[in-house]
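Tertiary structure, described
Below are the chains, spelled out letter by letter.
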Amino acid sequence: MSIAVIGAGKWGQALQFALSKNVTCKITSRQRKSLENFVSLEEALACEYLVFALPAQVVRTWLDEHFQFLGQKILVAAKGIEKGSGAFLNEIFAAYIPEENLSFLSGPSFASEVMQGLPTAVVINSSNEGLAKEFASFFPSFMKTYTSNDVIGAEVCGAYKNVLAIASGICDGLKLGNNARASLIARGLVEMHRFGKYFGATDETFLGLSGAGDLFLTASSTLSRNYRVGFFLAEGKKLDAILEALGEVAEGVFTSEAIFELSSKHGIYTPIAHEIALILKGKNPKESVKDLLADS
Ligand SMILES: NC(=O)C1=CN([C@@H]2O[C@H](COP(=O)(O)OP(=O)(O)OC[C@H]3O[C@@H](n4cnc5c(N)ncnc54)[C@H](OP(=O)(O)O)[C@@H]3O)[C@@H](O)[C@H]2O)C=CC1
Ligand SMILES: O=C(CO)COP(=O)(O)O
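Given the structure is predicted, the values throughout are model-derived calculations rather than measurements. (Residues numbered from 1 in each chain as written. Chains lettered and ligands numbered in written order. Predicted model: local features only at pLDDT ≥ 70, side-chain atom pairs only at ≥ 80, totals over all residues. Heavy atoms only, no water.)

1. Considering the pairing of strand β4 (residues 73–76)
- For strand β3 (residues 49–52) and β4, the ladder comprises four bridges, and the chain directions are parallel. Of the residues in β4, the one forming a bridge with valine 51 is leucine 75.
- In terms of handedness, the path from β3 via helix α3 (residues 59–66) over to β4 forms a crossover that is right-handed.
- As paired strands, β4 and strand β5 (residues 102–106) are joined by three bridges and run parallel to one another. Pairing of leucine 75 across the sheet is with serine 103, part of β5.
- The β-α-β motif built from β4, the intervening helix α4 (residues 89–94) and the parallel element β5 has right-handed crossover chirality. (Pairing = 2+ DSSP bridges. Helix = DSSP H or I, 4+ residues; strand = E, 2+ residues; numbered from the N terminus. Right-handed = clockwise from strand over helix to strand, strands pointing away.)

2. Notes on the sheet that holds strand β1 (residues 3–6)
- Pairing within the open sheet is mixed, and its seven strands lie in the order β2-β1-β3-β4-β5-β6-β7. Taken across any chain shown, the strands that pair with only one partner, and hence form the sheet edges, are β2 (25–28) and β7 (143–148). Looking at each pair of strands side by side, their axes are set apart by 25° on average, direction ignored.
- Alignment of β1 against β2, held across four bridges, turns out to be parallel. (Axes fitted to C-alpha atoms, helices over the stretch in contact; angles between N-to-C directions.)

3. Quick look at the UniProt feature "active site" (unreviewed entry) in the chain
- Those places that UniProt annotates as "active site" (unreviewed entry) correspond, in this numbering, to Lys161.
- Position of lysine 161 among the secondary structure elements: in helix α7 (residues 151–173).
- Once residues lying within four places of it in the same chain are set aside, the contact partners of lysine 161 are Lys79, Val156, Met192, Asp214, Leu215 and Thr218. (UniProt positions renumbered as here; feature names shortened; annotations may be inferred. Contact = heavy atoms within 4.5 Å.)

4. Overview of the site of ligand 1
- Around ligand 1 there are 24 residues in total, and Ser29, Gln31, Lys33, Ala111 and Glu251 lie nearest to it.
- Alanine 8 is positioned with one of its backbone polar atoms (N or O) 3.4 Å from an oxygen atom of ligand 1.
- In the model, an oxygen atom of ligand 1 is placed 2.9 Å from a nitrogen or oxygen of the valine 249 main chain.
- Class assignment for the residues of the shell around ligand 1 results in twelve nonpolar, five polar and seven charged.
- For the shell around ligand 1, the domains that each give at least three residues are domain 1 (3–149) and domain 2 (159–294). (Near = heavy atom within 4 Å. Polar contact = N/O pair within 3.5 Å; in protein donor to acceptor, adjacent residues only side chain to side chain. Nonpolar A, V, L, I, M, F, W, Y, C, P; charged D, E, K, R; others polar. Domains from an automatic or database assignment.)

5. Quick word on unusual backbone geometry
- Positive phi is not limited to glycine here, since asparagine 37 has a value of about 65°.
- Structurally, the position occupied by asparagine 37 is in the loop between β2 and α2 (41–45).
- The backbone of lysine 175 shows a phi angle near 55°, a positive value even though the residue is not glycine.
- Tracing the chain through its elements places lysine 175 in the loop between α7 and α8 (178–198).

Okay, structure coming up:
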């Protein structure tokens, strides 16, 4: 079998590290990197299995410009909802790849801890159970893999938790305390569930690794890029400067806009995500706290 990771960022490198414990895993990226088994894009695309670790917002353009379906089996490792269109990643990929060849990775998984071989549990989500189990079999023993057929739920959880992580970072940056952060995360889980159910997600996904697990991880750790964006926003730093200094993607910034658009269009009550979108547009975080506390 042959497998390649597309996108040699933090997550792509971590996934290659993990997969290489069991199989020879190639990797390719826009900029050449001195990594073992770094190959050309053409060689990567010729592999039977592909793992996409590109930022969600660039996926559609990348597929348009580079992808040719040759029967490859796909694991999408990105987390986000496309701003502008409000498209989930399964919708974007479905335009290029048959559903039975598509799977999606979710769950609490910081790249930096995977790179240390620390115990991690993830979920591989697909309508094709056999495909999910195939990809699950490639992962090493320190990564416990579950499978699920709730693709929508996994995608909503992976994307929405990034927005809630920004909210949690703001909470801590404003020094609002542990009560406030716990309440915010709990109410955020309710809101994420409400949003996901509207699009057909399954209840238990939100109580598992994809939902509560990834939310608890990302909303309570400075390892999260999204949490750090929120923390620095609360300190009064400008978003552009924060992202420049971060040097890595913070998907919640873009997914926040997508959720704002989708919730407004479909009339879904998502007050926390709504306030994060307003804060990212310049609203004073302290005003958002007052408005959330006043919200009935
Ligand atoms: N980091 C983590 O802990 C985790 C991240 N994820 C998700 O994985 C995805 C990638 O995140 P991560 O790897 O951390 O991000 P990074 O910012 O570390 O890396 C982004 C990667 O995407 C590539 N890239 C960026 N823009 C383009 C473009 N326009 N065309 C082609 N390639 C592009 C870059 O290529 P190059 O370097 O060659 O320029 C880089 O390799 C995100 O959706 C994230 O939410 C999921 C779980 C954990
Ligand atoms: O998705 C992640 C952990 O599961 C990574 O979160 P950040 O993108 O906020 O760093």
